[in-house]
Structure formats: structure tokens, C-alpha cells
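So you can see what is in the structure, the chains are spelled out below.
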Amino acid sequence: MIWDEVGEDQFEREKVLLDLEQECLEVYRRKVDSANISRARLHQELAESEAEFTHLLLSLGERSLPGRPEKMSGTLKEQLDAITPALREMRLRKEERVNQFRAVQGQIQKISAEIAGQSVYDDSITNVTVNENDLSLKKLEEHQVELQRLHKEKNDRLQQVETYIDTIHRLSATLGMESSMIITKVHPTLNELCGISKNISDSILAKLNSTVESLKEEKQKRHEKLHYLGKALTNLWNLMDAPYADRRLFSHVTRLLSVSSAEVSDAASLTLIIIQQAESEVKRLDQLKASKMKELFFKKQNELEDICNKSHMDIPSRSEMDNIVKLINSGEIDHADLLMSLDEQISKVTEEANSRKEIMEKVEKWMLARNEERWLEEYSMDENRYSVSRGAHRNLRRAERARVIVNKIPVLVASLIAKTKNWEDERKKVFLFDDVPLLAMLEEYNMLRQEKEEEKQRQREKKKVQSQVVVEQDNAFGSRPSTSSRRLPNRSLNGGFNNATPLNRRLSLSIQQLGNNSINSATQGISFLKEGRKLQAQKMFPRPGLASHLLDETASVVSTFSGPVSP
């Protein structure tokens, strides 16, 4: 209608219609192309979504997502809308899993860096690279196991470091050193005042181990040094009989003699100051030892002589002791060896004195018994012993006790001889008593005692003969037999004839003179025997003074019977 009013010709009209047709075809074609492109894009998006979903399933190690159908139906948009939520959930899971991997791997890298000894480490999570192609739980568990292993290794290393540090503190305290300086010298991070994590690398552990070993070696050296000084101090103290006050000052040094280096743990017990003090004390005592050595020698010599004198043993010769003193003055003899030799000699003498103790006790009893025997003989010679005088009753009691003791002498001497022979057999040497063989003394005493008994027997027989002569003469002159037979023996024994007749008195006096002459002749014989025994004893005994003294004492007992014998 418009063209009719305008008056367009047919050609123009067809041309415009052709153009419109072309334009419509273009628009249609564009719409179709756009629809195809949109469909293709939807297909691509769906494929990409499905591919991404599948990749996420594979990377997360999951087979499927619960709630998502295995086969999708409907339009593309419906299918895309159906997979989008599942894809979004898988993406969230992936992100969460990546964060877990990043955290675990970050800790692994951090602990590995600490073990490796890296002083600077950036622990930012963004620096951790995560392999997103494998985010499975199995891989995560592997990383977690590795992390646990690294945690354990870190804890073990920290424990080793703490053990080393504690050992360094303990050794430093014992040695009197500054532990913080030693630890800081190994590595500054080991000092607690540093405020940063400790370096636990292999190199630090090796340095700590070498430090501990060096401290232990130093401790061992100092302990050996103080052990040597302690022994030296003890020897010097014993050598010079140092008082307890001086020893107490270094008791902490001598206590180390009974413990090993590992057992020493007291603070400041192995310091250099203690070693210097001990060395100074040893040096001072060494200087003092030289001046006191002679005094100590004489002291031990006196001790040796006292033991010998108490046990009546041989004493070392004086010339030998004088030679030792000369060697001490000249410094040509080792003081320690000398005193050790004296100590050994004193020990031997003491041991021998102990072995002689039982015999010496019996010898002492024998000597006391001899004194009682001598007193009893002198008491028996006293004509007034039965008189009523002051103290007579005490002498009578003593005489009774002396007779008991004297009666035990033979048994005592026999026991002494047996024990002395046993001692000599065991020791393979002669038992000397003040340089005189004890067996010779005992045998000589037995011989003299036997001679004394024989002399007593002869005196008894002689007195019996005298009594018989007096009785016979009395009967010949008409005396009363009963009276003279009863009284004359007693009177002759007592030496009194005051109540006899003048004739009997003269006869008795003549008999008494005869008897006295006989007794004097017996006395001369005994004196001759005594001189012979003296000569024999001088040959047997090295010390004639003691032998003659013993013989005189024994012979005096025999000579007492040359006088009147009392009942």
C-alpha cells in the first residue's frame, strides 16, 4: 500500500523485497549460528564440567559423588544445571584438601629445615607447592606419616640436645667452668636466653658430643691429677703424723681416692683452684719432709726398740742405724723407701712379738715364781721365823702362798720348754731371751734344781745319821732313852741344848762341830759345782752377766741348805 501510494515500480519493489529476504536470511542465519554456538558452548561447558568433575574425582581419589546420577538426561542446560552443584562441591573439597596438603607439607618443610640446620626459613603457606594432581587421602596419610616421623626425629634430637646441655651443665659445675659460655660457643641458639628455637642439626649434635667428650676427658685428667695428689698427701701425712686439723683441710681431695671419675658429681670438686692448692700443699710437705725425716726415723727406731725390749728380742745394731743417719744427712737415701723398710721391719718384729706373747707370759710367771722360791729359802733360813713378833703372821701366810707357787714351777718349766720347742720348730730359729737361748736357761735351771734336791736329800740323810749317833752316845752314858730319843733330834735341829747335862752338852757340842765341819765341806763342794756351772753358762750364753746372775740366783737357793735346816 505504501508503494502504491508512492508509486514505486515493480523492479524497485522486487529489489526491496529481495533485500528484505536476504536480510531475513542473514538474521535467521545469525540466529541459527548463535543457537548453534550456544549449543556448542553448552556442550563444551558440560564436557568441561564433566571432565573437571572426573579429574577432581581422580585427584581426590574418590570414585563418585554421592547424590549425583551416573547417567544424566534432559536438555543441555538441565544437564549442566545438574552437574554444577556437584562440581562446586568437588571444588570445595579440592580446596579443603589442598589446604590440608599445604599445612602438612608446610610443617614437613619446616621441620626438615630445622633438622637440616637452616637458620632462616620462610614458613609462609603460600610458598608451599602442592601437587594438585594427587590429592588423595592415601597421599595425605603418607605426608602425615612423614610428618609424624619428622616430629619424632625432631623430639629425639631435642632430647639429645637437652641431654648434652644438661651434661655440659653438670660437668661444667664439677670442673668450675661457665657452662653458658661453652654452650653459646657451640651455637647461639642453644642458649635459653636467645629466645629462638634450638638448632638440632647433625653438625650441632656432633659439636655437642665432641664438647661433652672433651669435658669428660678434662674431668678424667683432673681426677687423675687429684688422685695422685691425694695419694701424695696421704703418704706425707702418714709419714709425718700430721694432725687431723691439717688433714681435714684437704679431706675433699682424699675423698676422691675411693671413687672413680664417673662417680664424682659434686659441684666445684675438680676445679683448677683445688688442684693448685693441693699441689702447693704437696710441695710444702715435701720441703717439710726433708727436715722431719731424721726425727721420724728416730721415732720409728725407738718404736722398734721398744717392741724388742718389751719382748726381750734382738735389737738392730747401733752401727747400722748410724750409717742410715749418715745417709739421711747426705740425702743419698730415699726417705719413702727408708720409712717403708722401717715399717716393714716394725711389722715383722710386731708379728714375732705377738707369736712370743704366750711364752713371754709364762716366762714372766717363771721369774716371779723364782723370786718367791728365793724368798722362801731365805725365810726358811731364819731361826726366828716362828717367834712371836710383829708381822710374823703375814710372813707365814706369804710362805704358804710361796710354797704353792714353788710347787707349780716344774709344771710351768716343762710347759715353757714344750712351747719354746714348738715355737722354734715353726720359726726355724732359736728363741732368745735377752740374747740368751731360753731353752738353755730352762735346762740349766732344771739341772740346778735337781742338784739342789739331791743336796737336800744328802742333808736329810746326814741329819738322820747325826741323830742316830747322838741317841747311841746318850744311851751309852746311861741317859733315859725315852726322853733323849724324843727330844734330841728336835733340839739338834733347832740348835739348842740348854737343858742337857754338862756331859751330854759337851758331846752334843762336839757332834755339832763335826756336823758343822761336814756341812762346811758340803758347802765347798756346792761352791765348786757352782763355779763349774758358771763356766759352762759362759760358754752357752752370749751375755755372761745375765747368765752369771741367773746362776747366782739359782745357786743361792742351793747354798741356803748349808746352814741349819728348819722343819
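The structure presented is a predicted model; accordingly, all values stated were derived computationally and were not measured.

### Re the overall build of the chain
Each helix and strand counted, the chain has 17 helices and two strands in total. Counted over contacts in the chain with a minimum sequence separation of 6, partners at least 24 positions apart contribute 75%. For the chain, the exposed surface amounts to about 35,600 Å²; the carbon and sulfur share of it is 52%.

### Brief notes about the environment of Leu 233
Of note, Leu 233 is situated in helix α6 (residues 202-240). Measuring from C-alpha to C-alpha, the distance between Leu 233 and Asp 286 comes to 9.4 Å, with 53 residues separating the pair along the chain. Excluding residues that lie within four positions of it along the chain, Leu 233 makes contacts with Phe 250, Val 253, Glu 281, Val 282 and Leu 285.

### A few points about the nonpolar core
Among the nonpolar cores identified, the biggest contains 65 residues, and Phe 53, Val 161, Ile 168, Leu 190, Leu 208, Leu 226 and Leu 233 are the most heavily contacted of them. Every element with two or more residues in this core is listed here: α2 (10-60), α3 (76-116), α4 (137-175), α5 (179-186), α6, α9 (272-310) and α11 (335-381). Other than its neighbours up to four places away in sequence, Leu 226 contacts Val 253, Leu 256, Ser 269, Leu 270, Ile 274, Ile 275 and Ala 278. In this structure, Leu 376, Ile 409, Val 413 and Met 441 belong to the second largest nonpolar core, which totals 25 residues.

### Observations concerning the UniProt feature "coiled-coil region" (unreviewed entry) in the chain
Per the UniProt record, "coiled-coil region" (unreviewed entry) is annotated on residues 133-160. Here residues 133-160 is 86% helix and 0% strand, with 39 Å between the C-alpha atoms at its ends.

### Section: α2
Taking 1.5 Å as the rise per residue, α2 with 51 residues should run 75 Å; its terminal C-alpha atoms sit 72 Å apart, in good agreement. Residues of α2 that are buried: Arg 13, Leu 42, Leu 46, Ser 49, Phe 53, Leu 56, Leu 57, Ser 59 and Leu 60. Taken together, the buried residues of α2 touch α1 (2-6), α3 and α4. Following α2 by one or two positions, Gly 61 has its phi on the positive side, about 75°.

### With respect to α3
Its 41 residues place the ends of α3 56 Å apart at the C-alpha level, agreeing with the 60 Å of an ideal helix rising 1.5 Å per residue. The sharpest bend along α3 measures roughly 25° and falls at Thr 84, with the proline Pro 85 sitting one to four residues further on.

### Overview of the packing of α2 against α3
Where α2 meets α3, the axes come as close as 9 Å, and the angle between the chain directions of the two elements is 30°. Considering only the axes of α2 and α3, their crossing is left-handed. The segment α2 lies against α3, with Arg 39, Leu 42, His 43, Glu 45, Leu 46, Ser 49, Glu 50, Glu 52, Phe 53, Leu 56, Leu 57 and Leu 60 engaging Leu 76, Lys 77, Gln 79, Leu 80, Ile 83, Ala 86, Leu 87, Met 90, Arg 91, Arg 93, Lys 94 and Arg 97. In the contact of α2 with α3, the residues fall into 12 nonpolar, three polar and nine charged.

### Some points on the packing of aromatic side chains
All told, the structure shown has three aromatic pairs when counted by the stated rule. Ring geometry for Trp 366 versus Tyr 445: centroids 5.3 Å apart, planes at 85°, classification edge-to-face. Placement of the pair is Trp 366 in helix α11 and Tyr 445 in helix α14 (residues 438-476), with a sequence separation of 79 residues. Taken individually, Trp 366 and Tyr 445 each receive the classification buried, so the pair is uniform in this respect. Here the aromatic rings of Trp 375 and Tyr 379 are separated by 5.1 Å at their centres, their planes lie at 10°, and the arrangement is stacked. Of this pair, Trp 375 and Tyr 379 both sit in helix α11, separated by four residues, roughly a single helical turn. By relative accessible area, which is 17% here, Trp 375 ends up buried. Geometry around Trp 366 places Arg 370 over its ring, the cationic atom sitting 5.0 Å from the centre.

### Digging into the side chain of Glu 373
Structurally, Glu 373 is set in helix α11. For Glu 373, the side chain forms a polar contact with the side chain of Lys 452, separated by 2.7 Å. When neighbours within four sequence positions are excluded, Glu 373 is seen to be in contact with Val 406, Ile 409, Tyr 445, Arg 449 and Lys 452.

Conventions and cut-offs
- Residues numbered from 1 in each chain as written.
- Predicted model: local features only at pLDDT ≥ 70, side-chain atom pairs only at ≥ 80, totals over all residues.
- Heavy atoms only, no water.
- Helix = DSSP H or I, 4+ residues; strand = E, 2+ residues; numbered from the N terminus.
- Contact = heavy atoms within 4.5 Å.
- Areas by Shrake-Rupley, 256 points an atom, 1.4 Å probe, with all protein chains shown as cover.
- Core = buried A, V, L, I, M, F, W, Y, C linked by side-chain atoms within 4.5 Å.
- Buried < 20%, exposed > 50% of the residue type's maximum accessible area, 1.4 Å probe, protein only.
- UniProt positions renumbered as here; feature names shortened; annotations may be inferred.
- Expected span 1.5 Å × (residues − 1).
- Bend = angle between axes of the 7 residues up to and from the residue.
- Axes fitted to C-alpha atoms, helices over the stretch in contact; angles between N-to-C directions.
- Left-handed = near helix turned anticlockwise from the far one by under 90°.
- Nonpolar A, V, L, I, M, F, W, Y, C, P; charged D, E, K, R; others polar.
- Phe/Tyr/Trp six-rings, centres within 6.5 Å; stacked < 30°, edge-to-face > 60°.
- Lys NZ or Arg CZ within 6 Å of the ring centre and 35° of its normal.
- Polar contact = N/O pair within 3.5 Å; in protein donor to acceptor, adjacent residues only side chain to side chain.

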